[in-house]
Amino acid sequence: MALYLVNATKQNHRFQWRMPESRKVVHFQVPTGHQIRVDEGLNSGQIDDLIQQMERYGFKRVEDVSRLKDFDGMLFGPKTLQSDDIAMAHEAVVQKQEKRSAGEATRAALGLEKGSRDKRNSKQRLAKEVTVEIEQHVDQRHATGDEIKMSLTVAADGSNSARLPE
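Presented here is a report on the structure given in the accompanying data block. (Residues numbered from 1 in each chain as written. Predicted model: local features only at pLDDT ≥ 70, side-chain atom pairs only at ≥ 80, totals over all residues. Heavy atoms only, no water.)

What follows is about the packing of aromatic side chains. Tallied over the entire structure, the rule returns 2 aromatic pairs. Between phenylalanine 15 and phenylalanine 28, the aromatic rings sit 6.2 Å apart at their centres with planes inclined by 15°, giving stacked as the arrangement. With phenylalanine 15 in strand β2 (residues 13-18) and phenylalanine 28 in strand β3 (residues 25-30), the pair connects residues that are 13 residues apart, well separated along the chain. For the pair formed by phenylalanine 15 and phenylalanine 28, the shared burial category is buried. Between phenylalanine 15 and phenylalanine 59, the ring centres sit 5.1 Å apart and the planes meet at 65°, which makes this aromatic pair edge-to-face. Note that phenylalanine 15 is positioned in strand β2 and phenylalanine 59 in the loop between α1 (44-56) and β5 (60-61), a separation of 44 residues in sequence. Linked through ring pairs, Phe15, Phe28 and Phe59 together constitute an aromatic cluster. (Phe/Tyr/Trp six-rings, centres within 6.5 Å; stacked < 30°, edge-to-face > 60°. Helix = DSSP H or I, 4+ residues; strand = E, 2+ residues; numbered from the N terminus. Buried < 20%, exposed > 50% of the residue type's maximum accessible area, 1.4 Å probe, protein only.)

Here we come to α1. Along its 13 residues, α1 runs 18 Å from first to last C-alpha, staying within 8% of the 18 Å computed at 1.5 Å per residue. For α1, the set of buried residues is Gln46, Ile47, Leu50, Ile51, Gln53 and Met54. Taken down its axis, α1 places every buried residue within 165° of arc, on the same side. Exposed side chains of α1 directed beyond 90 degrees from the buried face belong to Ser44 and Arg56. Against β1 (4-7), β2, β3, β5 and β6 (74-77) lie the buried residues of α1. Measuring from the side-chain oxygen of the N-cap residue of α1 to the backbone nitrogen of glycine 45 gives 3.0 Å; that N-cap residue is asparagine 43. (Expected span 1.5 Å × (residues − 1). Arc of directions from axis to C-beta. Contact = heavy atoms within 4.5 Å. Polar contact = N/O pair within 3.5 Å; in protein donor to acceptor, adjacent residues only side chain to side chain.)

On to the side chain of glutamine 46. Mapped onto the secondary structure, glutamine 46 falls in helix α1. Not counting chain neighbours up to four residues away, the residues in contact with glutamine 46 comprise Trp17, Met19, Glu21 and Gly41.

Another aspect to go through is the nonpolar core. Residues Leu3, Leu5, Phe15, Leu50 and Met54 are the most contacted members of the largest nonpolar core, which totals 17 residues. Taken together, the elements giving at least two residues each to this core come down to β2, β3, α1 and β6. Per element, the largest residue contribution to this core is 4 residues, and it comes from α1. Filtering out sequence-adjacent residues up to four positions away, methionine 54 remains in contact with Leu3, Leu5, Phe15, Phe59 and Phe76. (Core = buried A, V, L, I, M, F, W, Y, C linked by side-chain atoms within 4.5 Å.)

Here the focus is the sheet that holds strand β4 (residues 35-37). One open sheet accounts for 4 strands, arranged β4-β1-β6-β5; its pairing is mixed. Edge strands, defined here as strands with exactly one partner in the open sheet, are β4 and β5. In terms of strand pairing, β5 meets β6 through 2 bridges, oriented parallel. Directly across from lysine 60, in β6, lies its bridge partner leucine 75. Here α1 sits on the sheet in contact with β1, β5 and β6, set at roughly 155° to β6. (Pairing = 2+ DSSP bridges. Axes fitted to C-alpha atoms, helices over the stretch in contact; angles between N-to-C directions.)

Given below as structure tokens:
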């Protein structure tokens, strides 16, 4: 059985694995956007242990590449992937990072609103309304229609309205 590791991130990845029956540590270096074969010299039991460790640390099976949503960028499987599939997996990584950025921006906006309160009386606001808008600008050639565009407004009464990305 062949076993491949695929790196769909923007960083080189060095995966380390300790064989259960020995103290030997095996290193796999996977350059960004590439895949390597890792089953050389391993028996089926060792490959099963390796797969369990990869799944435990967030690697996804290559068969799932078309359904990836919450994905950190590393894949494994019994076959090589086409470059289009690696690019699709990379897009899933980018989308996850963009959504995480939107969440961080929301927390920052709420922190800004909290910072606009009177220090002596935390219920007394110094601003009528705090609005933070975030918009992702990309080159038109690379626009997908899924760019981040959000706003968060906190009114004087403490209510808020948000237009957040899905």
